[in-house]
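# Breakdown of the fold
One letter stands for each residue in the lines below.
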Amino acid sequence: MMCAISLGLEVVTADYIQACSRAGQRVDEGPYRLRDTVCEAGFARKRGLKKGYSLEVAVERAQHNGPLLKGISVYCFPSVTDQRELPLLVSAAGGTWLSNFPENPDDPRVLLLAERSISGDSEKRRRKAHSAYDVELLREAACTQQIRQSAYRLSRSEERRVGKECRSR
């Protein structure tokens with residue numbers, strides 16, 4: 001679903017597939033667009049989106065603005081252990097997935113993502129030296145078609161605190 005939103009595609013219910021099957025061809029997706037105001041409100045509340053969330057608006061934003069991550073490279077630190085869908089999501093949003101730590105991590109076109117925990121000394125040093133963001137920034141951005149870096153910035157003081165907690169375990 002996040003890839004579909006990133007590509008500016010309409011998200012439809014399963015009834016759409018059944019309607020196409022009955023008609024023997026593609027039908028207008030309008031009546032079958034996914035609408036779930038309860039889940040959209042819950043998503044907005046959970047993410048602290050003061051203006052709310054609308055799937056329809058996010059798709060329109062992608063259609064109007066084009067790829068959200070065009071010209072942006074994304075690297076995930078080793079602390080992000082569940083990366084299965086992330087390269088696909090970055091690609092669908094027009095970005096470039098980096099398998100290795102970037103040569104110029106402070107370039108504004110590079111997005112460094114991590115979990116709140118730190119996987120080791122190398123990650124700890126790099127996160128102290130460069131701005132890193134919670135990996136949830138990417139998932140939210142795919143859904144909303146907006147990047148809220150300030151909401152997901154991992155503070156360096158928090159990273160130090162998390163690092164101390166990991167060492168004491």
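In this report, we go over the structure that sits alongside the text. This is a predicted model, so every value here is computed, not measured. (Residues numbered from 1 in each chain as written. Predicted model: local features only at pLDDT ≥ 70, side-chain atom pairs only at ≥ 80, totals over all residues. Heavy atoms only, no water.)

Taken as a whole, the largest pocket spans an internal volume of roughly 200 Å³. Taken together, L49, K50, K51, G52, Y53, S54, V57, A58, R61, T144 and Q146 form the lining of the largest pocket. When residues of the lining of the largest pocket are assigned to their parent elements, the largest contribution, three residues, is made by helix α4 (residues 55-65). For the lining of the largest pocket, the per-class residue count stands at four nonpolar, four polar and three charged. (1 Å grid on protein atoms, 1.4 Å probe; cavity = no way out; pocket = protein on both sides within 12 Å on 5 of 7 lines; lining within 4 Å. Points joined across faces, edges and corners; volume = space filled by probe spheres on them. Helix = DSSP H or I, 4+ residues; strand = E, 2+ residues; numbered from the N terminus. Nonpolar A, V, L, I, M, F, W, Y, C, P; charged D, E, K, R; others polar.)

Further remarks concern empty space enclosed by the protein. Tallied over the entire structure, the rule returns one cavity of 30 Å³ or more. Roughly 30 Å³ of volume is contained in the largest cavity. Top contributing element to the lining of the largest cavity by residue count: helix α7 (residues 136-144), with three residues. Considered class by class, the residues forming the lining of the largest cavity number seven nonpolar, no polar and no charged.

On to the pairing of strand β1 (residues 73-76). In regular strands, side chains alternate between the two faces of the sheet. Neither face of β1 is open: one carries S73 and Y75, the other V74 and C76, and all of them are buried. Across three bridges, β1 lies against strand β2 (residues 96-98) in parallel orientation. Opposite V74, over in β2, you have W97 as the bridge partner. Regarding topology, helix α5 (residues 86-92) serves as the crossover connection from β1 to the parallel β2, and that connection is right-handed. (Buried < 20%, exposed > 50% of the residue type's maximum accessible area, 1.4 Å probe, protein only. Pairing = 2+ DSSP bridges. Right-handed = clockwise from strand over helix to strand, strands pointing away.)

The next subject is the sheet that holds strand β4 (residues 133-134). Read across the sheet, four strands follow the order β2-β1-β3-β4 without closing on themselves; strand pairing throughout is parallel. Edge positions in the sheet fall to β2 and β4, since each has one partner strand and no second. Two strands pair when backbone bridges link them, and β1 and strand β3 (residues 110-114) are joined in this way by four bridges, in the parallel orientation. Its bridge partner being in β3, Y75 is matched across the sheet by L112.

Let us now look at unusual backbone geometry. Unusually for a residue other than glycine, Q145 sits at a positive phi of about 65 degrees. Position of Q145 among the secondary structure elements: in the loop between α7 and α8 (149-152).

On to the pattern of salt bridges, then. On inspection of all chains with the given rule, the structure shows 10 salt bridges. A salt bridge links D82 to R84, with the shortest nitrogen-to-oxygen separation between them at 3.0 Å. Assessed through its relative accessible area of 35%, D82 is described here as partly exposed. Here R109 and D107 are joined by a salt bridge, their closest N and O atoms 2.7 Å apart. With a relative accessible area of 52%, R109 lands in the exposed category. You can call D107 buried: its relative accessible area is 15%. One network of salt bridges, in which partners are shared, links R47, E85, E136 and R139. (Salt bridge = Lys/Arg side-chain N within 4 Å of Asp/Glu carboxyl O.)

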